[in-house]
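One letter stands for each residue in the lines below.
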Amino acid sequence: MSDLTVHPWRRHGRDRLYVNLPDGTAVAWADRVTKVVTIKVQKYRDEALALLRRHLGDGITVDPVSVHDQIPARRPTPPAPIRRVERPASLPPLSPSEDLARNRPGAGLLGMFAGRGPSTAQRLRMKLLRQSSEWDTWYIGLEGERRVGRELERLASSGWRVLHGVEKSNGGDIDHLLVGPGGVFTINTKTHRGASVWVGDSMAKVNGGKPHPYAAASKAEANYVRGVLGRYCDFAVPVEPVLVFVGVASLDRSATQYAVRIYREREVASLGPLAGKLTVDQVERVYAVARHRRVWLKA
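What comes next concerns the included structure.

## Thoughts on the packing of aromatic side chains
No. 1: Applying the stated rule across the entire model yields five aromatic pairs.
No. 2: Consider the rings of W160 and F185, whose centres lie 5.9 Å apart with planes at 45°: the pair is tilted. Of the two residues, W160 is situated in the loop between α4 (136-153) and β6 (161-167) and F185 in strand β8 (residues 183-191); the sequence distance between them amounts to 25 residues. Here W160 matches F185 in class, with each residue buried.

Below is the structure:
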């Protein structure tokens, strides 16, 4: 049995019950009025229906049109057109100065501090005088990236590779890039000490404040990475976005949030057992591409 849970959802006059996996992925939902069930992941069909019957009784029906992952009936199909396969772009030479494998967690922030931040002496003076600074939030973010980086490095024994501070040609950087048998994950780290965080389909709220486009930005980041890696690989590269919250007091997800994986820092270890998306050779190819700084800056 999977650890499925049921969550109510009401919006725009609709009243639904969602059946979710522990990571927030929706596998089915039911309309409370019509009792029609939409199956999103066929693997969990029976378990989801059993859970929904406890809430809605025996009168539920399954909408066959909306079932995902079903095997369609056999029918004659014309042969697929022969498509010319484009050769992937060749990798440039890798010099030590352009090898992202040398980056430490928080590399992007460390570079910013080195260029524009306070000196060690200035930081020590402010600390002794208990003075706040515009840089305090950035240093808290650095500690968050370091904590998540330590968790990700522990996955190396399961065949995973991790890079930190991957610069993007359109500005900013990717906090962490995880490559392994379960695919590629872009990991965006957010540190909010002691805060209550809610994450919706595209926005997040911290302590009930103004919305931040955390989820939307994570999805855009994954699309960017998929495009860059796809130019250098002769196979489809599966890329998923991940949002990791550090130091929060509570973390809630919308019942409809399944496009982005949402974790606390200690929960990223759950990525370790994932497999079946990339072979060992494909993992090595993707990692070889991703560690080239020039690849990202040319995108």
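We are not done yet, so read on.
## Quick notes on the sheet that holds strand β10 (residues 204-206)
No. 1: The four strands lie next to each other as β11-β10-β9-β13, forming an open sheet whose pairing is mixed. Two strands in the sheet have a free side with no partner beyond their single neighbour: β11 (211-212) and β13 (250-253).
No. 2: In the sheet, strand β9 (residues 196-199) pairs with β13 via four bridges, with the strands oriented parallel. The partner of V199 across the bridge, within β13, is R253.

## Here's the deal with unusual backbone geometry
No. 1: Within the chain, K35 stands out as a residue other than glycine whose phi angle is a positive 60°.
No. 2: Along the chain, K35 falls in the loop between β3 (26-31) and β4 (36-39).
No. 3: Classification of K35 by relative accessible area gives partly exposed; the value is 28%.

## Side note on the pattern of salt bridges
No. 1: Inspection of the entire model under this criterion finds 13 salt bridges.
No. 2: The salt bridge partner of R261 is E240, with a shortest N-O separation of 2.9 Å. Residue R261 is located in strand β14 (residues 261-264), and its partner E240 is located in strand β12 (residues 239-246); the two are separated by 21 residues in the primary sequence.
No. 3: Owing to a relative accessible area of 23%, E240 belongs among the partly exposed residues under this scheme.
No. 4: Overlapping salt bridges bring together E151, R154 and R266 as one network.

## Quick word on the layout of surface pockets
No. 1: A volume near 470 Å³ is recorded for the second largest pocket.
No. 2: Lining the second largest pocket are 17 residues, and of these L21, D23, T25, R261 and Y263 lie nearest its centre.
No. 3: Elements with a contribution of two residues or more to the lining of the second largest pocket: β13 and β14.
No. 4: In terms of residue count, the dominant contributor to the lining of the second largest pocket is β14 (four residues).
No. 5: Taken together, the residues that form the lining of the second largest pocket break down as nine nonpolar, two polar and six charged.

## Concerning the sheet that holds β14
No. 1: Pairing in this open sheet of five strands is mixed, and the strands run β6-β7-β8-β12-β14 from one edge to the other. The open sheet terminates on both sides in strands that have one partner only, identified here as β6 and β14. Sheet twist, expressed as the average angle between the axes of neighbouring strands with direction ignored, equals 30°.
No. 2: Across six bridges, the pairing between β6 and strand β7 (residues 173-180) is antiparallel. Each bridged residue has a counterpart across the sheet, and for V166 the counterpart in β7 is I174.
No. 3: Packed onto the sheet, helix α5 (residues 214-230) meets β7, β8 and β12 and runs at close to 140° relative to β12.

## With respect to the side chain of H192
No. 1: Tracing the chain through its elements places H192 in the loop between β8 and β9.
No. 2: Reaching out from H192, the side chain makes a polar contact with the side chain of Y214 at a distance of 3.0 Å.
No. 3: Those residues within four positions of H192 in sequence are excluded, and the remaining contacts are V206, Y214, F245, V246, G247 and V248.

## Let's talk about the nonpolar core
No. 1: By size, the foremost hydrophobic cluster in this structure holds 25 residues, and its most contacted members are L177, V184, V225, L229, V237, V286 and W296.
No. 2: The set of elements that each furnish at least two residues to this core consists of β6, β7, α5, α6 (280-290) and α7 (293-297).
No. 3: Residues within four places of V286 in sequence aside, it is in contact with V179, V184, L229, C233, F235, V237 and L278.

Parameters at a glance
Residues numbered from 1 in each chain as written. Predicted model: local features only at pLDDT ≥ 70, side-chain atom pairs only at ≥ 80, totals over all residues. Heavy atoms only, no water. Phe/Tyr/Trp six-rings, centres within 6.5 Å; stacked < 30°, edge-to-face > 60°. Helix = DSSP H or I, 4+ residues; strand = E, 2+ residues; numbered from the N terminus. Buried < 20%, exposed > 50% of the residue type's maximum accessible area, 1.4 Å probe, protein only. Pairing = 2+ DSSP bridges. Salt bridge = Lys/Arg side-chain N within 4 Å of Asp/Glu carboxyl O. 1 Å grid on protein atoms, 1.4 Å probe; cavity = no way out; pocket = protein on both sides within 12 Å on 5 of 7 lines; lining within 4 Å. Points joined across faces, edges and corners; volume = space filled by probe spheres on them. Nonpolar A, V, L, I, M, F, W, Y, C, P; charged D, E, K, R; others polar. Axes fitted to C-alpha atoms, helices over the stretch in contact; angles between N-to-C directions. Contact = heavy atoms within 4.5 Å. Polar contact = N/O pair within 3.5 Å; in protein donor to acceptor, adjacent residues only side chain to side chain. Core = buried A, V, L, I, M, F, W, Y, C linked by side-chain atoms within 4.5 Å.

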